[in-house]
Structures are given as structure tokens and as C-alpha cells.
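Breakdown of the fold
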Amino acid sequence: MFTLVMLFALLGLGAWATVKAVGAAKRGVDRTITQAKRTVEDTALKAKSIGQVGVPGSLAQLRLDLRTSMRTTREALSDGSRVDASLKESLVLFERLSAYGHELDGELKRLEQEPDRARVAAALPDLRERVAKITQSADSLRWAARDRARRFAEDDLSTLSAQIEVESDALRDYASRRDPLDDLAEAAASWDAKAGPAAAGPGNGQGSGHGEDRQDARGQRGAAQTPALDAAAPAPQYPWQKSARPETTT
């Protein structure tokens, strides 16, 4: 029974993992397709804005400006929110702004197919104002996020530079210190150098014979003053001892 339960659990886990993998692959494919479509459409709009004049070229330029601003702002906020949690609120605001941007982009796309060019031309000033309002809001969020990231980077760099200066000063101070053992070694070497000639004294050169005579004389005086070790010391006399009787002779 336990084996069957474990088998069903493993099968269920495998099925769940398979579904998750398929879902992730599908989302990856959808993202790739969406990015490819966006790239193709942006390229087409860029070509229209350059190659066409009048109403079609103006509509293409408005769509291109709107889409570029919205895409770059979304990327900046999404990337920044991974390291700065406060940007998540900005990302929420941008999502609300993005809804208006998508609506306006759809309207501009429909007007590209509008046969009444005069009516579209009359609506262009209002369309430009709406596009400018959305792009200015998106640009403000994007530049604020970039300024915030730059300030954080500058603060981190300033802190790091200060730490490096402190460490450099500590290294220089340590390198300038003298080891006490080195001072003792130098003092000992200097003392040896000064004591060397004095220790040799007048024993060098022509006065060596006189030095030997003086040393022999000092040795003899010392020997005369020093008692022999085997000399017998007189026995002490105490008051209670009787005096020795003299021996009588017959």
C-alpha cells in the first residue's frame, strides 16, 4: 500500500514538473514571438517615418516615439526594481500609465488606415499633445530611476574610496615603523665596533713583552696571597678542655 502511494506521488510530481516545464517553455516562446513582432513593427514604423511625408509619416513618428519611450522606461524600472525595492511602486504607476499608452498606440494604428486624411490631419495636434503627455511622464519615471541608481553608485564609490584611503594610511604607517629588534641589533653592532680596539689594548705591537711581564707579576702576587688549600688549621682550644700533661721521663 505504501509503495502504491509513493508511486502515485512520484507520478503526480512528474506530471506537475512536466506541466511547469511546458508552461515555462510556452511563456518563453510567447515572449520571443512578442519581441520579434515588436522589433518588426518598430522597424516598419521607422521606415515609414523616414520614407513617408505628410499624415502617414507623422502618425508613424508619433507611434515610434510613444513605443520607444514606454519600452525603455519599462526595462529601466524592471531592471532597477530587482535591486531597489522602492522602484516597485514606480513600476505600479508605470503599469497604469502603460494602459493609456497602449490605448493611444492602438488609436494611432487605426488612424494609419483611415482614408480621410484631412480629418486625421486635423486630429494630429491633439494626438501629439497626448503622446507628449504620456512620454514625458514615462521619461520622468525613467530618468528618476536612473538618477537614483547613479546616486547609490556614487555613495557606494565614495564609501569604498574612504575605506581604501584609511587602509592605505594604515599600510604607510606600518611600513614607516622601525622594529625594536633592529634598533637593538644596531646598538649591539656599534658597541662591538667600539669595544674591539679597546679590548686588544697595548698587547699589540712592541709593548707585548712588558704586558706579559706585568701579567706574570700579578700572577705571582696572587699566588703568594692565596693560602694553600692543604695547610692544616690549628685545632681550637675550649675552656673545658684539660691541658695536656707533659710526658715525664725516668
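Keep in mind that this is a model prediction, so the values were computed, not measured.

Concerning the overall build of the chain
When helices and strands are tallied, the chain shows six helices and zero strands. From first element to last, N terminus to C terminus, the chain shows the α and β order α-α-α-α-α-α. Out of the 250 residues in the chain, the part that is buried amounts to 18%. Looking at the chain alone, contacts between residues at least 24 apart form 68% of all its contacts between residues at least 6 apart. A total of about 19700 Å² of accessible surface is found on the chain, and carbon and sulfur atoms cover 59% of it.

So, the confidence of the model for the chain
Caution is warranted with low-pLDDT regions, since their predicted coordinates should not be read in detail. Across the chain, the average pLDDT comes to 75, with 60% of residues at 70 or higher. Element-level pLDDT for the chain is lowest in helix α6 (residues 208-225), with a mean of 51, against a maximum mean of 93 in helix α3 (residues 87-112). Note on residues 205-209: pLDDT under 50 across the span, and three contacts to partners over four residues away in sequence or across chains.

With respect to the packing of helix α2 (residues 55-81) against α3
One way to put it is that α2 packs onto α3 with a least axis distance of 10 Å and a crossing angle of 160°. Of the possible angle classes, the one that applies to α2 and α3 is roughly antiparallel. Two packed elements cross with a definite hand, and for α2 against α3 that hand is left-handed. Residue composition of the contact of α2 with α3, grouped by class: 13 nonpolar, eight polar and eight charged.

Re the side chain of Glu 112
Tracing the backbone through its elements, the reader meets Glu 112 in helix α3. On the basis of relative accessibility, which here comes to 13%, the residue Glu 112 falls in the buried class. For Glu 112, the side chain forms a polar contact with the side chain of Arg 63, separated by 3.4 Å. Setting aside anything within four residues of it in sequence, one finds Glu 112 in contact with Leu 45, Lys 48, Leu 59, Ala 60, Arg 63 and Arg 117.

With respect to a nonpolar patch on the surface
A cluster of nonpolar residues, Leu 157, Leu 160 and Ile 164, forms a patch on the protein surface that exposes about 290 Å² of accessible area. Looking at the element boundaries, Leu 157 is found in helix α4 (residues 117-176).

Section: the nonpolar core
The biggest cluster of nonpolar side chains holds 20 residues, and the ones touching the most others in it are Leu 59, Leu 104, Leu 108 and Leu 127. Looking at this core, the elements with two or more residues in it are α2, α3 and α4. Discounting chain neighbours no more than four positions away, the residues touching Leu 127 are Leu 59, Leu 62, Leu 104, Glu 107, Leu 108 and Leu 111.

Procedures and definitions
- Residues numbered from 1 in each chain as written.
- Predicted model: local features only at pLDDT ≥ 70, side-chain atom pairs only at ≥ 80, totals over all residues.
- Heavy atoms only, no water.
- Helix = DSSP H or I, 4+ residues; strand = E, 2+ residues; numbered from the N terminus.
- Buried < 20%, exposed > 50% of the residue type's maximum accessible area, 1.4 Å probe, protein only.
- Contact = heavy atoms within 4.5 Å.
- Areas by Shrake-Rupley, 256 points an atom, 1.4 Å probe, with all protein chains shown as cover.
- pLDDT = per-residue confidence, 0-100.
- Axes fitted to C-alpha atoms, helices over the stretch in contact; angles between N-to-C directions.
- Parallel < 35°, antiparallel > 145°, perpendicular 65-115°, else oblique.
- Left-handed = near helix turned anticlockwise from the far one by under 90°.
- Nonpolar A, V, L, I, M, F, W, Y, C, P; charged D, E, K, R; others polar.
- Polar contact = N/O pair within 3.5 Å; in protein donor to acceptor, adjacent residues only side chain to side chain.
- Patch = residues over 30% accessible without salt bridge, like charges linked within 9 Å, V, L, I, M, F, W, Y side chains within 5 Å.
- Salt bridge = Lys/Arg side-chain N within 4 Å of Asp/Glu carboxyl O.
- Core = buried A, V, L, I, M, F, W, Y, C linked by side-chain atoms within 4.5 Å.

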